[in-house]
Number of protein chains: 2
Amino acid sequence: MKIEILAVGSELLTPFYQDTNSLYLTQRLNDLGLEVSFKTVVGDDRESLLVCIKNALVHADVLLAMGGLGPTADDITREVFAETLGRQLVYCPDIFKKIEARFRRRALAIPAANKKQAYIIQGSEVLENKNGTAPGLWLEEGRTRIALLPGPPAELKPMFEEFVWPKLAAFQKGFSSRRVIKIAGLTESEVETRISGLYPKEQGLGLTILASPGQIEIQLYAFAPDASGLPAIKIEDLGQRILERLGGHVFSTAGEELEEVVGGLLGEHRKTLAVAESCSGGLLSHRLTNVSGSSKYFLEGLITYSNQAKIRDLNVPEALIQNHGAVSAEVAQAMADGVRQKAGSNFGLAITGIAGPTGGTAEKPVGLVYSALSWEGGVDIIKNVFPGKREQIKFQSTQKALDMLRRHLL
Amino acid sequence: MKIEILAVGSELLTPFYQDTNSLYLTQRLNDLGLEVSFKTVVGDDRESLLVCIKNALVHADVLLAMGGLGPTADDITREVFAETLGRQLVYCPDIFKKIEARFRRRALAIPAANKKQAYIIQGSEVLENKNGTAPGLWLEEGRTRIALLPGPPAELKPMFEEFVWPKLAAFQKGFSSRRVIKIAGLTESEVETRISGLYPKEQGLGLTILASPGQIEIQLYAFAPDASGLPAIKIEDLGQRILERLGGHVFSTAGEELEEVVGGLLGEHRKTLAVAESCSGGLLSHRLTNVSGSSKYFLEGLITYSNQAKIRDLNVPEALIQNHGAVSAEVAQAMADGVRQKAGSNFGLAITGIAGPTGGTAEKPVGLVYSALSWEGGVDIIKNVFPGKREQIKFQSTQKALDMLRRHLL
């Protein structure tokens, strides 16, 4: 079964707006074991919309179209569907009364433009809009079931849930299950090499790898045609085999960000943390404090951008900076020790490096970052040269620091 | 002329990911006076991709396809295009050498999987990928010009700029001009009220308001079919009238972020800054240090999440916290003064508040934030109650603090 989501609206073809309704609709379709095959965006343009509708009638069993049902002149979805299907638009006094009542409740006269919303496509079923004036429509043409839905999410979602969902439930193809495995500390090709041979070949089981600097995600998706519970079992099984290959490099299997995982571990072990940042410039503290409840374990962060701040706030010996440079293993360690002692925390985490684009040398290039983790009785230091631009280098340096702490806590 | 953007990737048909490349491509096409007619998303699925390619060959003059050129088994874009067009895939030793050299530079052996990236569609022109292994392709089939581009933005953008943009420039339909006016310190409806009557009614001139918590953007776009220079004149004129209505609330007309504007002003006035953050948790420092060269004026940041840290690091009197609470005008001022004196900077900027979702009370609700700016001889304090979730409250609090400093420096 092929399902298409068609978003109609010229603003969705500008650089400024994106359709987000389709993400919601996809989730609900996935809940029925149904997958979306096509997503299309088209403007409020008769000729282009006509092309899209004709194509969908050929290749889609279900077409969820949204947008362009409003009262203004550029809202033409209803009209172009009627034209493409060769059906009449029929005036529906009941709909008009409902729209009128809606305006009356707000003590407003019904604008003339809204009258066109009372016309429906011949042979279609009206989907009441309890949150706006544009009614939705449900119709069938050949093999294709079509829903016309209003564009505003606050109107689309309740209408979909009440009227479209029960119709689609009849096509329930099965039951699905999904899992996201997140990995830090490996490159995309290292992940691929490790899980090679695990790519599922059977129908109804999918694996996708998504890579970004500092983080790799493996998306697993399974569905089965019956209520056997097989998808969950398959995901569990495939997930287990992947975890065996990737071990401690996996930091999350339930959607959490790395900072949430680290926060959870700190809470679990009743440990506290203070951080000292140079090139990451506050991003490490920002990520840690994005987690609600982080004040329980995050005591403070010091962004010691200048050498004087490193010396004054973190007790980094001036000679250390002179002998090794501010970007060095020695200074990273002194920063981690210093912030831990100052804050009286269990752990100190420090980052010093060159985020670029300027400031690099042949010996110490842009991207060079030292991360240090200090605890009572020990210290870990890791040297990396991260690729990418300033913000990517900042992100990767915080990812590495968080992952050091995560691995230590395990 | 009809242009279609086709994004290939099964992850783009899940509830989790959206194509964002198309926004960038649309912007660049608009710069040539070209508009996008269709955006399509399809999975890494032979049958569905075939349908999309066939449809595009019928109705599109230009097809920009992206994604699915990688080395893994689910990357099938190149192969399905060849199949649909009835063309052979031809092995290209030069491409293989370049990919191999790429791996060699990183001291890695070339994985067997990458060999398939050296195959090109017969009759196509290779678009070199200077930022990854997947080469792009340019080909023509009937009336349709086709570009196959890699999915990762860091690879797609430079390839598009260097190789595809010059080809599309031949279809230039006109000349456009664009301006973004960024505003802090007003709500969307305040902006709308102030600029009411300025909405352009003429063809080829557009105004769009984009609102997000803490920042309003007015996008101006003008277009003319000839090289008269009219779009730039119209934008300049409309922009001027908008600036007159909005005055000092506008912080940028050339695309800069607020932190860049503030950084530029600090540099211009040869002043230095230190910041003390509580509820913003490092985001203010992170934003300031996202600006290259910020080490010239940003001396340090202290994220004093705990009361002890406020007392110890910022010399906030303990009695002040006991009498007024950590979230108070008095403590905000003491934090700003304290960090300025400690760092020996010209300005001290401080934020203390309740980012939520927990920790609010009837008297001090979630979203309550005090921002303070301290300089030798004075202090400004502003109280806000920001709407939204934790991350939105954090962002708005940093926006307010940066804007205080900007207004002071003007």
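Residues numbered from 1 in each chain as written. Chains lettered and ligands numbered in written order. Predicted model: local features only at pLDDT ≥ 70, side-chain atom pairs only at ≥ 80, totals over all residues.

## With respect to the overall build of chain A
Piece 1. Scanning chain A from terminus to terminus reveals 13 helices and 17 strands.
Piece 2. In terms of overall dimensions, chain A has a C-alpha envelope of 85 × 50 × 40 Å along the principal axes.
Piece 3. Within the span of chain A, comprising 410 residues, buried residues form 49% of the whole.
Piece 4. A fraction of 66% describes how many contacts in chain A between residues 6 or more apart in sequence connect residues 24 or more apart. (Helix = DSSP H or I, 4+ residues; strand = E, 2+ residues; numbered from the N terminus. Buried ≥ 20, exposed ≤ 12 C-beta atoms within 10 Å, placed from the backbone. Contact = placed C-beta atoms within 7 Å.)

## Observations regarding the sheet that holds strand β7 (residues 136–141) of chain B
Piece 1. Taken in spatial order, the twelve strands line up as β6(A)-β7(A)-β8(A)-β3(A)-β1(A)-β2(A)-β2(B)-β1(B)-β3(B)-β8(B)-β7(B)-β6(B) in an open sheet, and their pairing is mixed. Every interior strand has two partners, whereas the edge strands, β6 (125–127) of chain A together with β6 (125–127) of chain B, have only one. In this sheet, neighbouring strand axes are inclined to one another by 20° on average, regardless of whether the strands run parallel or antiparallel.
Piece 2. Note: β6(A) against strand β7 (residues 136–141) of chain A, three bridges, orientation antiparallel. When the bridges of β7(A) are listed, Glu125(A) appears paired with Trp138(A).
Piece 3. On top of the sheet, helix α1 (residues 21–31) of chain B reaches β1 (3–8), β2 (38–42) and β3 (62–66) of chain B; it is set at about 160° to β1(B), its chief contact. (Pairing = 2+ DSSP bridges. Axes fitted to C-alpha atoms, helices over the stretch in contact; angles between N-to-C directions.)

## A word on the nonpolar core
Note on soluble globular proteins: their nonpolar side chains tend to be buried together.
Piece 1. Counting 132 residues, the largest nonpolar core has Met335(A) and Met335(B) as the members making the most contacts within it.
Piece 2. Setting aside its immediate chain neighbours within four residues, Met335(A) contacts Ala276(A), Lys310(A), Leu314(A), Val316(A), Ala350(A), Thr352(A) and Ala372(A). (Core = buried A, V, L, I, M, F, W, Y, C linked by C-beta atoms within 7 Å.)

## Topic: the environment of Phe163(B)
Residues and elements named next belong to chain B.
Piece 1. Along the polypeptide, Phe 163 turns up in helix α5 (residues 153–169).
Piece 2. Exposure remark for Phe 163: the 18 C-beta atoms within 10 Å place this residue in the partly exposed category.
Piece 3. Sequence separation between Phe 163 and Pro 152 is eleven residues, and the spatial gap between their C-alpha atoms is 16 Å.
Piece 4. Leave out the neighbours within four places in its chain, and Phe 163 touches Leu 127 and Gly 136.

## Let's talk about the interface of chain B and chain A
Piece 1. Contact residues are listed per partner, giving 54 residues for chain B and 54 residues for chain A.
Piece 2. Elements supplying a minimum of two residues to the side of chain B that touches chain A: α1, β2, α2 (46–59), β10 (205–212), α9 (283–289), β14 (298–304), α10 (307–314) and α13 (390–409) of chain B.
Piece 3. Pairing of strand β14 (residues 298–304) of chain A with β14(B) involves five bridges; the strand directions are antiparallel. Bridged to Gly301(A) within β14(B) is Ile303(B).

## A look at the pairing of β3(B)
Residues and elements named next belong to chain B.
Piece 1. Judged by how many residues are buried, β3 sits mostly within the fold: five of five residues are covered.
Piece 2. Side-chain alternation along β3 places Val 62, Leu 64 and Met 66 on one buried face and Leu 63 and Ala 65 on a second face that is also buried.
Piece 3. As paired strands, β1 and β3 are joined by five bridges and run parallel to one another. Pairing of Glu 4 across the sheet is with Leu 63, part of β3.

## Structural notes on the domain arrangement of chain A
Piece 1. Domain annotation of chain A identifies domain 1 (3–169), domain 2 (176–252) and domain 3 (258–409).
Piece 2. The C-alpha-based centres of domain 1 of chain A and domain 2 of chain A are spaced at 36 Å. (Domains from an automatic or database assignment.)

## Let's talk about the sheet that holds strand β9 (residues 175–183) of chain A
All names here are of chain A.
Piece 1. Taken in spatial order, the four strands line up as β10-β11-β9-β12 in an open sheet, and their pairing is antiparallel. Either end of the sheet is taken by a strand with one partner, and the two such strands are β10 (205–212) and β12 (250–252). On average, each strand axis in the sheet is tilted by 30° relative to the strand beside it, whichever way the strands run.
Piece 2. Two strands pair when backbone bridges link them, and β9 and strand β11 (residues 215–224) are joined in this way by nine bridges, in the antiparallel orientation. Residue pairing for β11: Arg 179 is matched across the bridge by Leu 220.

## Some details on α13(B)
Piece 1. Counted at 1.5 Å a residue, the expected span for α13(B) with its 20 residues is 28 Å, and the 29 Å between its end C-alpha atoms agrees.
Piece 2. Counting buried residues along α13(B), 15 of its 20 residues qualify, which places the element largely inside the surrounding structure. (Expected span 1.5 Å × (residues − 1).)

## Overview of the pairing of strand β11 (residues 215–224) of chain B
Piece 1. Most of β11(B) sits inside the fold, with eight of its ten residues counted as buried.
Piece 2. Between β10(B) and β11(B), which pair antiparallel one after the other, the connecting turn spans two residues, and Gly214(B) there sits at a positive phi close to 95°.

## Digging into the packing of helix α8 (residues 258–268) of chain A against helix α13 (residues 390–409) of chain A
Residues and elements named next belong to chain A.
Piece 1. Closest axis-to-axis distance for the α8/α13 pair is 10 Å, and the angle between their directions is 35°. Where α8 crosses over α13, the two elements pack in a sense that is left-handed. Counted together, Leu 258, Glu 259, Val 261, Val 262 and Leu 265 of α8 and Gln 399, Leu 402, Asp 403, Leu 405, Arg 406 and Leu 409 of α13 form the full contact between these two elements.
Piece 2. A per-class count over the contact of α8 with α13 returns seven nonpolar, one polar and three charged. (Left-handed = near helix turned anticlockwise from the far one by under 90°. Nonpolar A, V, L, I, M, F, W, Y, C, P; charged D, E, K, R; others polar.)

## Some details on the confidence of the model for chain A
Note: predicted coordinates in regions of low pLDDT should not be interpreted at a detailed level.
Piece 1. In the predicted model, chain A carries a mean pLDDT of 93, and 100% of its residues have values of at least 70.
Piece 2. The complex model carries a pTM of 0.81, and its ipTM stands at 0.81. (pLDDT = per-residue confidence, 0-100.)

## Quick word on the environment of Leu265(A)
Residues and elements named next belong to chain A.
Piece 1. Considering the arrangement of structural elements, one finds Leu 265 in helix α8.
Piece 2. For the pair Leu 265 and Arg 406, spaced 141 residues apart in sequence, the C-alpha separation works out to 7.4 Å.
Piece 3. For Leu 265, the contacting residues outside a window of four places in its chain are Arg 406 and Leu 409.

## Considerations on unusual backbone geometry
Residues and elements named next belong to chain A.
Piece 1. Geometrically, the link from Gly 356 to Pro 357 is a cis peptide bond, its omega value of 0° lying close to zero.
Piece 2. Its identity is not glycine, yet Arg 270 carries a phi of approximately 50°, on the positive side.
Piece 3. Its 9 C-beta neighbours within 10 Å are what place Arg 270 among the exposed residues.

## Remarks on the environment of Gly70(B)
Residues and elements named next belong to chain B.
Piece 1. Relative to the elements of secondary structure, Gly 70 occurs in the loop between β3 and α3 (77–85).
Piece 2. A residue is classified by how many C-beta atoms lie within 10 Å of it, and Gly 70, with 27 of them, is buried.
Piece 3. Considered as a pair, Gly 70 and Gly 132 are 62 residues apart in the sequence and their alpha carbons are 9.5 Å apart.
Piece 4. Excluding residues that lie within four positions of it along the chain, Gly 70 makes contacts with Asp 75 and Ala 134.

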